[in-house]
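Listed below, chain by chain, are the residues.
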Amino acid sequence: MLAYSEAIAKVLETIWSLPPVEESLQEVRCGQILAETVHARYDLPPAATSTMDGFAFAHSSLNEQTPLQIAGFVPAGGDFKRPLDVAETVRIMTGAPLPEGCDTVVPLEKAEQQNNELKLTTVPDLGDYVRQCGEDFRQADQILAAGIKFDPGAAGLLSAAGISRLKVYPRPKVAILSTGDELVSLDEALPSGKIINSNIYMLAARLQEEGIEPLLLGIAGDCIESLESKLKQGLASDLLITTGGVSVGDRDLLRSALENLGFSEVFWKVAINPGKPVLFGTIGTLPIFGLPGNPGATATAFELFVRPALRRLAGFCNPLALRIKVQLADSVTGGKKRQRFLWGQLRVASENLQFHPAKRRRSGQLHDLLGAHALLPIAIDSPTLPAGSEVEVILLRLPDSQND
Ligand code: AMP
Ligand code: MG
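Residues numbered from 1 in each chain as written. Chains lettered and ligands numbered in written order. Predicted model: local features only at pLDDT ≥ 70, side-chain atom pairs only at ≥ 80, totals over all residues. Heavy atoms only, no water.

Structural notes on the overall build of the protein
The line we're drawing: In this text, helices come from DSSP runs of H or I with a minimum length of four residues, and strands from runs of E with a minimum of two, each type numbered from the N-terminal end. Each radius of gyration reported is based on C-alpha atoms, and the globular scaling rule is 2.2 Å times the count of residues to the power 0.38. Residue burial is assigned from relative accessible area. The probe radius is 1.4 Å, only protein chains are included, and a residue is buried under 20% of its type maximum, exposed over 50%, and partly exposed in between. In this description, contact between two residues means that some pair of their heavy atoms is separated by no more than 4.5 Å.
Assigned secondary structure in the protein consists of six helices and 26 strands. Relative to a compact globule of 404 residues, whose C-alpha radius of gyration would be 22 Å, the protein shows 31 Å and is clearly more extended. Overall, the C-alpha framework of the protein stretches about 100 × 50 × 40 Å when taken along its three principal axes. Considering the protein as a whole, with its 404 residues, one finds that 46% of them fall into the buried category. A fraction of 70% describes how many contacts in the protein between residues 6 or more apart in sequence connect residues 24 or more apart.

Shown next as structure tokens:
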């Protein structure tokens, strides 16, 4: 059976980024990856400007014997029509451009106005309280490199640089299908022997974290006709996820249904727990993941395979989650015949980041998944890990408030 490292390598060899699209700055969403290097269209600031409300003048004209004459006022967004003469000054607002001939500003609180003359209480240095033209960036400077993630900082930089459209990788279109005769929809009555299709909501929420609103294909029964007709509805997406029907039972017909649609299998079954029966392959260029139905296994296989695949499609240069070293809060029994993955939370304790493994460790336990921040991989045949050991976890997200 394939090891996880071999299986994920096969996934990333099979999937490529979607073609970039051009979007307006309002359309681009946080988390999208830039597909081009961006250069500024303008200088920022576009002219030398005052950083304070005060008075602007040429530093060379300062002379204690000759008070500066106040020649006018420049508001923010305004303009002083003529160059300033020697021994002249102007009242200036924060953000207003310095008149020609000025290079220095004194703030109001360091100056006194008497009639039309300015008295300085301190002698400023040349260039005080002036933001120089192009101090942040110059026209044609590279302001963002291809491959960075769009965030509020990028939105600020791009708009200030006059960039209204840019090339980004699109968010993949994803379809999800649940399979199993035992499943009913959330808003239906629950007859005995049936179970609510919770996987579709749990996966939709994971996709939402990637900024993706999935196409929900509902439930297919455990028969070839039902599976085929539902699968066909997902073939126009960029990635198709199914849950259930990939084990070795008589009713596990997903592989056969996929084969009828031209499925080319890359792997089935990986030496992991939970999530062993995970299936991966393609129909044409469409990547398809058949996740096991058990919610714990579904979620683990999603994090180990599907999220990196989505990030590859979305243009991430390294789509694998970061691994970080943390302290184990409770002891954990050693490895078995397959690589195990434990869900858990990260907490700060006496300046250490600690990993608290979820208490119930069976693959069906939805509680393990609640509020999880990381997955702890436990190597095959590894010894018991005592509390306090340093371990490397796969980071899903960092807690950033008490609510986390
Ligand atoms: P399967 O992988 O099809 O053998 O399903 C294994 C078990 O996972 C089933 O017996 C169900 O209890 C559960 N299961 C399967 N699909 C879902 C689903 N969509 N939502 C919640 N539980 C599910
Ligand atoms: Mg099933």
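Digging into the pairing of strand β23 (residues 339-349)
Filter applied, for reference: When DSSP locates at least two bridges between a pair of strands, those strands are taken to pair.
Here strand β19 (residues 272-273) runs beside β23; their pairing, made up of two bridges, is parallel. Directly across from N273, in β23, lies its bridge partner R340. Note that β23 and strand β25 (residues 374-378) share five bridges and pair antiparallel. Paired with W343 across the bridge in β25 is L375. As consecutive antiparallel partners, β23 and strand β24 (residues 352-357) are separated by two residues, and within that stretch S350 has a phi angle of approximately 35 degrees, a positive value.

Side note on the pattern of salt bridges
What counts, and what does not: We define a salt bridge as a side-chain nitrogen of Lys or Arg found within 4 Å of a carboxyl oxygen belonging to Asp or Glu.
If you walk through the whole model with that rule in mind, you get 15 salt bridges. The partner of R165 in a salt bridge is E22, with the nearest N and O atoms 2.7 Å apart. Of this pair, R165 sits in strand β12 (residues 165-168) while E22 is found in strand β1 (residues 21-24), placing the two residues 143 residues apart along the sequence. Taking the shortest distance from any N to any O, the salt bridge between E210 and R311 comes out at 3.0 Å. With a gap of 101 residues between them, E210 in the loop between α3 (199-209) and β16 (215-220) and R311 in helix α6 (residues 295-313) connect regions that are remote in the sequence. Residue class for E210 comes out buried when judged on its relative accessible area of 10%. Among the charged side chains, a salt-bridge network with shared partners connects R206, E209, E210, E303, R307 and R311.

Focus: the site of ligand 1
Just so we agree on the cut-off: We call a residue near a molecule or strand as soon as one heavy atom of that residue lies within 4 Å of the molecule or strand. By the criterion applied in these results, polar contacts are pairs of N or O atoms within 3.5 Å in which, for protein atoms, one can donate a hydrogen and the other can accept it, and in which residues neighboring in sequence qualify only through two side-chain atoms. Using the Shrake-Rupley algorithm and a 1.4 Å probe, accessible areas are obtained, with residue cover drawn only from the displayed protein chains. In the scheme used here, Gly and all other residues not listed as nonpolar or charged are polar, with Ala, Val, Leu, Ile, Met, Phe, Trp, Tyr, Cys and Pro taken as nonpolar and Asp, Glu, Lys and Arg as charged.
Contacts to ligand 1 come from 15 residues, most closely from N197, N199, G245, G293 and N294. One of the backbone nitrogen or oxygen atoms of S198 is found 3.2 Å away from a nitrogen atom of ligand 1. Here an oxygen atom of ligand 1 sits 2.9 Å away from a polar atom, N or O, in the main chain of G245. Within the complex, 76% of the 490 Å² of free accessible area of ligand 1 lies under protein. Per-class residue counts for the shell around ligand 1 are five nonpolar, nine polar and one charged.

Regarding helix α2 (residues 152-160)
Two to three positions downstream of the cap, the backbone nitrogen of G153 sits 3.1 Å from a side-chain oxygen, assigning the N-cap of α2 to D151. Where α2 ends, the next residue or the one after it, G162, has phi of about 85 degrees, a positive value.

The analysis is restricted to geometry; functional conclusions fall outside its scope.
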